[in-house]
Amino acid sequence: MSVPIPKDVRVVMADDSLVMRHFLRQLLEAHPRIIVVGEARNGREALESVKALHPDVLVLDVEMPVMNGIDALERIMGECPLPVVMFSSGTRNGAEVTLEALSLGAVDFVPKPATRVNLASIGSEICQKVISASSAVVRPARRRSEKPLAPRIQRRDVARDNAGALCVIGSSTGGPSALETIIPALSSELRGSILVCQHMPPGFTSSLARRLDSISRVQVKEAEDGDLLLAGRVLVVPGGSHAGIRKDKMGVHSVRLDQSPPVHGVRPSVDVVLADAARLFGPNLLVSILTGMGSDGAKGSLVARSHGARIVCQDEETSTVWGMPRACLEAGASQEQVPLTRMASAIQEFFSKKAAPKAGRS
């Protein structure tokens, strides 16, 4: 049986800077599978190029004249959808705009270096993400006029109870959009704690936490070292840090952050946090592996399952990139494949069986 030869990936890139387009072309075409078939100076030209050239992937800048990247993305996803990788600023405003782009249907993003001198450092990352995006499933996107959740009601303060049950969510490519489906659907009476491990650089996870908090009934915040795992709280592991869990003499669990070397090329890593979570929570742990490329979370899920944890993975049909869930399934760790729209219910059903204890401390 012959092995299929990977096809070339045809790319259109849009950036208002001639110099930046020149460097981007060099970086992309250094990869043997990538061919740049078109360039655009603004969002309108990007839309026209996509319609005329039918590329496999669009690399899209955010700040451009005539039509900016967000307006162009919304038009493209409505008229001629294709995988889009955003090329965006790493500033706080840039991170928030990037998350809006991901919500509108962009598959992934690459933070733009602060100076052109550092541009070469992203060559491997942008090529990897373009190749991955070329096989991603493009999902119907929310329009900016749509709200993921009606104005929130009955949002309670975080329970002062130490969480007796924990859900660790691991995600990568397509994860922010998936999290926008899951977290806002959770009840304000959530009985356990959730720790989100999303592959993202520093700065972007804080914007992700703020965005999720603004549309959810539960409290969402970026984790800080020493934060307690409390019932009704969702903590997002900060980009650039690994997360562990410690337990004190009174049985109270808290987050431990460190900057040890990346695992699977990423930091935070799902496998790292699951090492502690499996040991400390055992059958009171639920692992949810969402869309993403790579295999992070598979090894840790297998360890967690051996400690009695329940492992559920997003199904192939609703995943943007069925990499991490597939690796978990092939490792023999996954116990159930769950559609994205059912994941919030799966989490709540698990917590309802593992009700948080009444006693605890804040």
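S.K.: Looking at this structure, how should I read the nonpolar core?
M.R.: Side chains of nonpolar character tend, in soluble globular proteins, to be buried together. Counting 56 residues, the largest nonpolar core has I183, I194 and I347 as the members making the most contacts within it. Residues within four places of I183 in sequence aside, it is in contact with I169, L212, S216, V218, V220 and V234. Membership of the second largest hydrophobic core comes to 29 residues, among which are C197, A223, I289 and A333.

S.K.: Can you help me understand unusual backbone geometry in this one?
M.R.: Trans peptide bonds make up most of the peptide bonds, and negative phi angles are found at most residues other than glycine. For the bond running from R267 to P268, omega is 20°, close enough to zero to count as cis. Summarising the element assignment, P268 is placed in the loop between β11 (253-258) and α8 (270-281). Here the phi dihedral of V66 falls at roughly 70°; this positive angle occurs in a residue that is not glycine. The topology assignment puts V66 in the loop between β3 (57-61) and α3 (69-79). Residues other than glycine seldom take positive phi values, yet H264 does so here, at roughly 60°. Its place among the elements puts H264 in the loop between β11 and α8.

S.K.: How should the packing of aromatic side chains be read in this particular structure?
M.R.: Aromatic rings considered in pairs are described by the distance between their centres and by the relative angle of their planes. One pass over the structure, following the stated rule, counts two aromatic pairs. Ring centres 4.6 Å apart and planes at 35° place the aromatic pair F109 and F204 in the tilted group. Taken together, the residues F109 in strand β5 (residues 108-112) and F204 in helix α7 (residues 204-214) connect sequence positions 95 residues apart. Taking the relative accessible area as the measure of exposure, F204 reaches 1% and is therefore buried. Centre to centre, the rings of F350 and F351 are 6.2 Å apart; their planes meet at 55°, and the pair counts as tilted.

S.K.: Just to check I follow, could you spell out the sheet that holds strand β8 (residues 219-222) for this structure?
M.R.: Each strand in a sheet pairs with its neighbour through backbone hydrogen bonds, running either in the same direction (parallel) or in the opposite one (antiparallel). With parallel pairing, seven strands are arranged side by side in an open sheet as β8-β9-β7-β6-β12-β13-β14. The sheet terminates laterally at β8 and β14 (336-338), the two strands that pair on one side only. Ignoring which end each strand starts from, the neighbouring axes of this sheet average 20° apart. Bridging between β8 and strand β9 (residues 233-236) involves four bridges; their strand directions are parallel. Within β9, the residue paired with Q219 across the bridge is R233. The strands that helix α6 (residues 175-182) touches are β6 (166-171), β7 (193-198) and β13 (310-314); relative to β7, the one it contacts most, it runs at about 160°.

Criteria and thresholds
As a convention, each chain's residues are numbered from 1 in the sequence order in which they are written. In view of the model being predicted, local features appear only for residues whose pLDDT reaches at least 70, and side-chain atom pairs are presented and counted only at 80 or more, with totals across whole chains, interfaces and linings using the full set of residues. Only hydrogens and water are set aside; all other atoms, that is, all heavy atoms of the structure, feed into the side-chain values. In this text, buried Ala, Val, Leu, Ile, Met, Phe, Trp, Tyr and Cys residues form a nonpolar core when linked through side-chain atoms within 4.5 Å. Working definition: with a 1.4 Å probe on protein chains only, accessible area under 20% of the residue-type maximum means buried, over 50% means exposed, and in between means partly exposed. In this description, contact between two residues means that some pair of their heavy atoms is separated by no more than 4.5 Å. For the purposes of this entry, the term helix denotes a DSSP run of H or I that reaches at least four residues, the term strand denotes a run of E that reaches at least two, and both are numbered from the N terminus. A pair of aromatic rings is counted whenever rings of Phe, Tyr or Trp (Trp by its six-membered ring) have centres within 6.5 Å, and the orientation is called stacked for planes under 30 degrees apart, edge-to-face for over 60 and tilted otherwise. Two strands form a pair only when DSSP identifies at least two bridges running between them. To get an axis, a line is fitted to the C-alpha atoms, and for a helix only the part in contact is used. The angle between two axes follows their N-to-C directions and goes from 0 to 180 degrees.

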